[in-house]
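Each chain, written out:
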Amino acid sequence: MAREVGEWIDTLRRAQRVTVLTGAGISAESGVPTFRGEGGLWRTYRAEELATPEAFVRDPKLVWEWYDYRRQVVSKAEPNAGHSALVDLESRFAEFLLVTQNVDNLHRRAGSRSVAELHGNLFRARCTREGTIREDLPCPIPEIPPVCGCGALLRPDVVWFGESLPVEQITLAGEAARRSDVMLVVGTSAVVYPAAALPEAAKSNGAFVVEVNLQRTPISPFVDVSIQGPAAEVLPAIVDAL
Ligand code: BV8
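Predicted model, so just to flag it, every value in this text is computed and none were measured.

Along the backbone of the chain there are 10 helices and 11 strands. Computed over C-alpha atoms, the radius of gyration of the chain comes to 18 Å, within 12% of the 18 Å expected from 2.2 N^0.38 for 242 residues, which places it in the range of a compact globule. Projected onto the principal axes, the alpha-carbon positions of the chain cover approximately 60 × 30 × 30 Å. Across the chain, contacts joining residues at least 24 apart in sequence account for 67% of those joining residues at least 6 apart. Carbon and sulfur atoms provide 51% of the accessible area of the chain, an area that totals close to 11000 Å². Seen as two clouds, the 25 positive and the 31 negative side-chain charges of the chain have centres 2 Å apart.

Below you can see the structure in the form of structure tokens.
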């Protein structure tokens, strides 16, 4: 894989401020199905059909069964060499932010500390009445759909389609993107906004943008380097080359 890491590595070596944007592809080699890949189906549903407030109002039990299934899959998964490479990368630059669209908590389990979670986290639940956060829901959840002590339904503390992202997280991510010398974009189909706007924001503010993906995406035409390969191989090769 070292052949994929060309002379551009000097640009990364010289960088002071680095931002990484990850998507479901970085967790694929941990056995976690991606959103739009072949694993994107659950029973007969697509993620976009279930990851909405409307689906939750219509059938909270079904939506929680999907989330509880994903929590169980992720609980049995381990961070992979791609996650670990980003932990290593974090300590090498004056400023570093890992922006993730993933809700699987694998970056934190791998040891990443400077993380902005744009779309929430599978292992947090939120009271639909009080907004209080719970991080202690057993896995699997014994009673679906789970309810708060106040009697109201709990919901997954994730951002559904049509819902706004946590302002602090997307603001932090946007500032980091615009300030960065280098942005790595890893394992995302770059179709979900506003996260997908971050590489363009970085690029238009002078960042050198490197994409790591198995296939081309809508941002491939404008990135500086597009490396086609699995994140769990390419990211360690990048760190080794540093
Ligand atoms: C919002 C959490 C304001 C839940 C998710 C413009 C501006 C603002 C909004 C919009 C806009 N245009 C459209 C919208 C609406 C919508 C949107 O973007 N729709 C898309 C589908 C067109 N956006 C929203 O609704 C956002 N809200 O902006 O609020 C607002 C409010 C009302 C109306 C308008 C605006 C909220 C978006 C967040 C939705 N929640 N997840 C949950 O997880 O259950 S998004 C979901 O998709 C996941 O978080 C996932 O991370 C994310 C992106 O998918 P990817 O991570 O990229 O995964 P995917 O499977 O697609 O791709 C995997 C990639 O990895 C592939 O490219 C593959 O090739 C690659 N790969 C695979 N294996 C490997 C690999 N690469 C490397 N190595 C490997 N081994």
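From this point, things continue past the structure.
The next point concerns the sheet that holds strand β7 (residues 133-134). As summarised here, the arrangement of the 3 strands in space is β7-β6-β8, forming an open sheet in which the pairing is antiparallel. Every interior strand has two partners, whereas the edge strands, β7 and β8 (154-158), have only one. Sheet topology note: the strand β6 (residues 120-127)/β7 ladder contains 2 bridges and is antiparallel. Bridge pairing in β7 places R126 opposite I133. Here helix α5 (residues 60-76) sits on the sheet and contacts β6 and β8; the angle it forms with β6, its principal contact strand, is near 140°.

Look at the link from C139 to P140: it is a cis peptide, with omega at 5°. Considering the arrangement of structural elements, one finds P140 in the loop between β7 and β8. Look at the link from I144 to P145: it is a cis peptide, with omega at 0°. With respect to the helices, strands and loops of the structure, P145 is situated in the loop between β7 and β8. In this structure, R43 is a non-glycine residue whose phi angle is positive, near 50°. Position of R43 among the secondary structure elements: in the loop between β2 (41-42) and β3 (45-46). The backbone phi angle of N105 is positive, close to 65°, even though this residue is not glycine. Along the chain, N105 turns up in the loop between β4 (95-100) and α7 (106-110).

With that out of the way, let us pick up the site of the ligand. Around the ligand there are 36 residues in total, and R36, Y67, E163, S189 and N213 lie nearest to it. Measuring from an oxygen atom of the ligand, one finds a backbone N or O atom of F35 at 2.8 Å. Side-chain polar atom of R70 to an oxygen atom of the ligand: 2.7 Å apart, as the coordinates give it. Summarising the interface, the protein chains cover 76% of the accessible area of the ligand, which totals 1500 Å² for the free molecule. Taken together, the elements giving at least two residues each to the shell around the ligand come down to α2 (25-28) and α5. Ranked by residue count, the leading element in the shell around the ligand is α5, at 3 residues. Of the residues contributing to the shell around the ligand, the split by class is 18 nonpolar, 14 polar and 4 charged. Built from parts of two domains, the shell around the ligand gets at least three residues from each of domain 1 (2-32 + 79-119 + 165-241) and domain 2 (47-76 + 128-158).

How two aromatic rings sit relative to each other is given by the distance of their centres and the angle of their planes. According to the stated counting rule, one finds 6 aromatic pairs in the structure shown. Put simply, the rings of F56, W66, Y67 and W160 touch in pairs and so form one group of aromatic residues. Positioned above the aromatic ring of W66, the side-chain terminus of R70 is 4.4 Å from the ring centre.

What counts, and where the lines are drawn
Residues numbered from 1 in each chain as written. Predicted model: local features only at pLDDT ≥ 70, side-chain atom pairs only at ≥ 80, totals over all residues. Heavy atoms only, no water. Helix = DSSP H or I, 4+ residues; strand = E, 2+ residues; numbered from the N terminus. Rg over C-alpha atoms; globule rule 2.2 N^0.38 Å. Contact = heavy atoms within 4.5 Å. Areas by Shrake-Rupley, 256 points an atom, 1.4 Å probe, with all protein chains shown as cover. Lys, Arg positive; Asp, Glu negative; His and termini not counted. Charge placed at Lys NZ, Arg CZ, Asp CG, Glu CD. Pairing = 2+ DSSP bridges. Axes fitted to C-alpha atoms, helices over the stretch in contact; angles between N-to-C directions. Near = heavy atom within 4 Å. Polar contact = N/O pair within 3.5 Å; in protein donor to acceptor, adjacent residues only side chain to side chain. Nonpolar A, V, L, I, M, F, W, Y, C, P; charged D, E, K, R; others polar. Domains from an automatic or database assignment. Phe/Tyr/Trp six-rings, centres within 6.5 Å; stacked < 30°, edge-to-face > 60°. Lys NZ or Arg CZ within 6 Å of the ring centre and 35° of its normal.

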